[in-house]
Amino acid sequence: VAIRKRNKIKEIVTYGKQGTAKVLKLSDTGILINDNPQVKLLLEISIPNYPVYQAEKTLVLSIIYLPRVQSGATVNILADPEDKFNENRIGLVFE
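About the thresholds
- Residues numbered from 1 in each chain as written.
- Predicted model: local features only at pLDDT ≥ 70, side-chain atom pairs only at ≥ 80, totals over all residues.
- Heavy atoms only, no water.
- Core = buried A, V, L, I, M, F, W, Y, C linked by side-chain atoms within 4.5 Å.
- Buried < 20%, exposed > 50% of the residue type's maximum accessible area, 1.4 Å probe, protein only.
- Helix = DSSP H or I, 4+ residues; strand = E, 2+ residues; numbered from the N terminus.
- Contact = heavy atoms within 4.5 Å.
- Salt bridge = Lys/Arg side-chain N within 4 Å of Asp/Glu carboxyl O.
- Pairing = 2+ DSSP bridges.
- Axes fitted to C-alpha atoms, helices over the stretch in contact; angles between N-to-C directions.
- Polar contact = N/O pair within 3.5 Å; in protein donor to acceptor, adjacent residues only side chain to side chain.

**Considering the nonpolar core**
Counting residues in each nonpolar core, the largest one holds 17 residues, and the members touching the most others are L41, L43, I45, V69, I77 and A79. Elements that contribute at least two residues to this core include exactly β1 (17–33), β2 (36–46), β3 (53–60), β4 (74–79) and β5 (90–93). Looking at this core element by element, the count peaks at four residues for β2. Those residues in contact with L41 that lie beyond four places of it in its chain are V23, K25, L26, A55, E56, K57, L59, V69 and L92.

**Some remarks on the pattern of salt bridges**
Overall, the coordinates contain three salt bridges when judged by the stated rule. One salt bridge in this structure joins E56 and K40, with 3.5 Å as the shortest N-O distance. Of this pair, E56 sits in strand β3 while K40 is found in strand β2, placing the two residues 16 residues apart along the sequence. By relative accessible area, E56 is classed as partly exposed at 42%. On the basis of relative accessibility, which here comes to 34%, the residue K40 falls in the partly exposed class. Among the charged side chains, a salt-bridge network with shared partners connects D80, D83 and R89.

**Overview of the sheet that holds β5**
One open sheet holds the five strands; their spatial order is β3-β2-β1-β4-β5, and the pairing between them is antiparallel. Of all the strands in the sheet, just β3 and β5 have a single pairing partner and so form its edges. Pairs of neighbouring strands in the sheet enclose a mean axial angle of 40°, with direction left out of account.

**A look at the side chain of D80**
With respect to the helices, strands and loops of the structure, D80 is situated in the loop between β4 and β5. Within the local environment of D80, its side chain forms a polar contact with the backbone nitrogen of E82, the two atoms lying 2.9 Å apart. Beyond its immediate stretch of four places on either side in the chain, D80 contacts Y15, G16, Y53 and R89.

**Considering the side chain of N36**
The residue N36 is located in strand β2 in this model. In terms of polar contacts, N36 uses its side chain to reach the backbone amide nitrogen of I63, at 3.2 Å. Once you skip the residues sitting within four places of it in the chain, N36 turns out to touch I31, V60, L61, S62 and I63.

Here it is as structure tokens:
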């Protein structure tokens, strides 16, 4: 599991471009992993010099970050605009 996670992070860092995403919708999947909810996000992704697009991302989110991803919030992201619908190439960046 740790190796897969590391590979996903490596993919995002390698192919991702910095941008922002507006959270259009936040849904709870009903799954908890280590007391953290798995959520599904509908995002409107904006990356400089690329068209704005929508994509979904499902992830386990630490409850301390949950207030940052409410509908209407804007978050920093790394995403691959050449592979828009591959959710493995979308990463939320919390500073």
